[in-house]
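The residues making up each chain are set out below.
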Amino acid sequence: MNKNHHKLIILGSGPAGCTAAIYAARAGLNPVLIRGMEPGGQLTITTDVDNYPGFEKTVQGPWLMEQMEKQALSVGTILINGTVVKCDLKSNPIKCILDNGEEYYSETCIIATGASARWLNIPTETKFRGFGVSACATCDGFFYRNKEVIVVGGGNTAVEEALFLTNFASKVTLIHRKNTLRAEKILQDRLFNNSKINIIWDHILEEVLGEESPLIVKHAIIKSTIDSNLTKLDVDGIFIAIGHDPNTKLFINQLTMDKENYILTESDSTKTNIDGVYAAGDVQDKIYRQAVTAAGHGCMAALEAEKFLSLKLKTL
């Protein structure tokens, strides 16, 4: 057997991938975890985490992911630094090719490649990302209690984030580049009827301003899409809410996906349409998108993969 032939390969090293690795290693599967282009996933750009169970005080996202990886390694996971550039899920065994040309084979595979928030990609947005600029109100809204924030976007994500933030912020301003929203009508009605929410139409976020040491957001410069006039707003936080993209390009035309390319799994399961292939975390969850739910999916996937392998062994 090829030295790179394994029982289980896990793609992705966020909460879903690391949790899957911990459970699979403890089950004696000696899993290989391929860390990917962004080891640790979205938590590595989240500074303060205070909603992950088990920690009385706020912890840092990068530290939390470092601990998860260390735990996975300590119980027998094989960590591989690299990114999969080609993956044949329908071959027997499953075949993964890394960016360095190495080939890995496995009997089962857990896809935990996550999703990436869409950003505006203006330089100052990147500079303050994690220091007042966020793409997750559920993750970071708590830090803006009695403060003023803005939300950028016009779809369901933006409206839902704005509504959620009213639980904490004293004022929420929605910035939208057009004069109508794309969000569902029921969400729009809730938005328009919320006294804490103000809407600025026909504007885009042009620049983020703040203090340098420590980095902290203080102002937002918005630009009119009609006459290009600039307006300076005093804000404590900026939430970019223009959606997420699942990291599933490698699996298109192999796995069943929805119209947004999130992997579809069986009800109450992480099973995909291919036997022995499982999807866990944000790559198949576009509703909750939380570290703790991703970890739960990772646990499920590992248990299902172990069961699949044990049944397969019995039939040989």
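Everything numeric here is computed off the predicted structure, so don't read it as measured data.

Participant: Account for the overall build of the protein, with residues named and values stated.
Facilitator: The helix and strand tally for the protein stands at seven helices and 19 strands. Principal axes of the C-alpha set define a box for the protein whose edges measure 70 × 40 × 35 Å. When the 316 residues of the protein are sorted by exposure, 49% land in the buried category. A separation threshold of at least 6 residues defines the contact pool for the protein, and within that pool the share at least 24 residues apart is 59%. Carbon and sulfur atoms provide 50% of the accessible area of the protein, an area that totals close to 15800 Å².

Participant: Which residues make up unusual backbone geometry, and what are the values?
Facilitator: The peptide bond linking Asn 92 to Pro 93 adopts the cis configuration, its omega dihedral lying at 5°. Of note, Pro 93 is situated in the loop between β6 (84-88) and β7 (94-98). Here Ser 213 and Pro 214 are connected by a cis peptide whose omega angle stands at 0°. With respect to the helices and strands, Pro 214 occurs in the loop between β14 (203-212) and β15 (215-224). The phi dihedral of Asn 30 is positive, around 45°, even though this residue is not glycine. Tracing the sequence through the fold places Asn 30 in the loop between α1 (15-26) and β2 (32-34). Overall, Asn 30 belongs to the partly exposed group, its relative accessible area being 45%. One non-glycine residue with positive phi stands out, namely Asp 268, at about 55°. A relative accessible area of 76% places Asp 268 in the exposed class.

Participant: Help me get a handle on the environment of Asn 167, residues and values and all.
Facilitator: Here Asn 167 lies in the loop between α5 (156-165) and β12 (171-175). When the C-alpha atoms of Asn 167 and Lys 196 are compared, they prove to be 9.5 Å apart, with 29 residues separating the residues in sequence. In this structure the side chain of Asn 167 is engaged in a polar contact, spanning 3.0 Å, whose partner is the backbone oxygen of Phe 164.

Participant: Which residues make up the nonpolar core, and what values go with them?
Facilitator: In terms of nonpolar packing, the biggest core is built from 22 residues, with Leu 11, Ile 34, Leu 89, Ile 111, Phe 251, Leu 255 and Ile 263 touching the most fellow members. Looking at this core, the elements that each hand over two or more residues are β1 (5-11), β2, β6, β7, β8 (103-111) and β19 (277-279). Leaving out residues up to four positions away in the same chain, Ile 111 has contacts with Leu 11, Leu 89, Phe 251, Leu 255, Ile 263, Val 277, Tyr 278, Ala 279, Ala 280 and Val 283.

Participant: Tell me about the sheet that holds β14, residues and numbers included.
Facilitator: For sheets, the rule is that strands pair by backbone hydrogen bonds, running either parallel or antiparallel. Spatial strand order, β14-β15-β16: three strands in an open sheet with antiparallel pairing. Sheet topology places β14 and β16 (230-234) at the edges, where each strand pairs with a single neighbour. With direction set aside, neighbouring strand axes in the sheet form an average angle of 30°. Looking at chain direction, β15 and β16 are connected through five bridges and run antiparallel. Pairing of Lys 223 across the sheet is with Leu 230, part of β16.

Participant: How would you summarise the packing of aromatic side chains if you had to cite specific residues and measurements?
Facilitator: Scanning the entire structure with this criterion turns up five aromatic pairs. Measuring from ring centre to ring centre gives 5.7 Å for Phe 55 and Trp 63, while their planes differ by 80°; the resulting arrangement is edge-to-face. Residue class for Phe 55 comes out partly exposed when judged on its relative accessible area of 32%. Under the relative-accessibility criterion, Trp 63 is labelled partly exposed at 38%. Judged by centre distance (6.4 Å) and plane angle (80°), the ring pair of Phe 142 and Phe 168 falls under edge-to-face. Note that Phe 142 is positioned in the loop between α4 (137-140) and β11 (148-152) and Phe 168 in the loop between α5 and β12, a separation of 26 residues in sequence. On the accessibility criterion, Phe 168 (15% relative accessible area) is buried. Grouped by ring-pair contacts, the aromatic residues Phe 142, Phe 143, Phe 164 and Phe 168 constitute a single cluster.

Participant: Break down the side chain of Gln 188 for me, citing the residues and quoting the values.
Facilitator: Relative to the assigned elements, Gln 188 resides in helix α6 (residues 185-192). When near neighbours in sequence (up to four residues on either side) are disregarded, Gln 188 contacts Leu 181, Arg 182 and Ala 183.

Participant: So, the state of the cysteines: which residues are in play, and what are the values?
Facilitator: Under the defined criterion, the tally for this structure stands at one disulfide. Note on cysteine connectivity: Cys 136 is disulfide-linked to Cys 139, with sulfurs 2.2 Å apart. Measuring the twist about the S-S bond at about 70°, one finds the Cys 136-Cys 139 disulfide to be right-handed. Cys 18 takes part in no disulfide bond, and the closest cysteine sulfur to it belongs to Cys 299, at a distance of 14 Å. Cysteine Cys 109 is unpaired, with the sulfur of Cys 87 as its nearest cysteine sulfur at 5.1 Å. In this structure Cys 109 comes out as buried when scored by relative accessible area, which is 0%.

Participant: Give a detailed account of the pattern of salt bridges, specifying residues and quantitative values.
Facilitator: Scanning the entire structure with this criterion turns up ten salt bridges. Close ionic contact of Lys 312 with Glu 107 constitutes a salt bridge, the shortest N to O distance being 2.5 Å. Linking Lys 312 in helix α7 (residues 291-315) with Glu 107 in strand β8, this pair joins segments that are 205 residues apart in sequence. The class of Lys 312 is partly exposed, set by a relative accessible area of 28%. Put simply, Lys 286 and Asp 258 hold a salt bridge, and the shortest N to O gap is 2.8 Å. With Lys 286 in the loop between β19 and α7 and Asp 258 in the loop between β18 (244-246) and β19, the pair connects residues that are 28 residues apart, well separated along the chain.

Conventions used here
Residues numbered from 1 in each chain as written. Predicted model: local features only at pLDDT ≥ 70, side-chain atom pairs only at ≥ 80, totals over all residues. Heavy atoms only, no water. Helix = DSSP H or I, 4+ residues; strand = E, 2+ residues; numbered from the N terminus. Buried < 20%, exposed > 50% of the residue type's maximum accessible area, 1.4 Å probe, protein only. Contact = heavy atoms within 4.5 Å. Areas by Shrake-Rupley, 256 points an atom, 1.4 Å probe, with all protein chains shown as cover. Polar contact = N/O pair within 3.5 Å; in protein donor to acceptor, adjacent residues only side chain to side chain. Core = buried A, V, L, I, M, F, W, Y, C linked by side-chain atoms within 4.5 Å. Pairing = 2+ DSSP bridges. Axes fitted to C-alpha atoms, helices over the stretch in contact; angles between N-to-C directions. Phe/Tyr/Trp six-rings, centres within 6.5 Å; stacked < 30°, edge-to-face > 60°. Disulfide = S-S within 2.5 Å. Salt bridge = Lys/Arg side-chain N within 4 Å of Asp/Glu carboxyl O.

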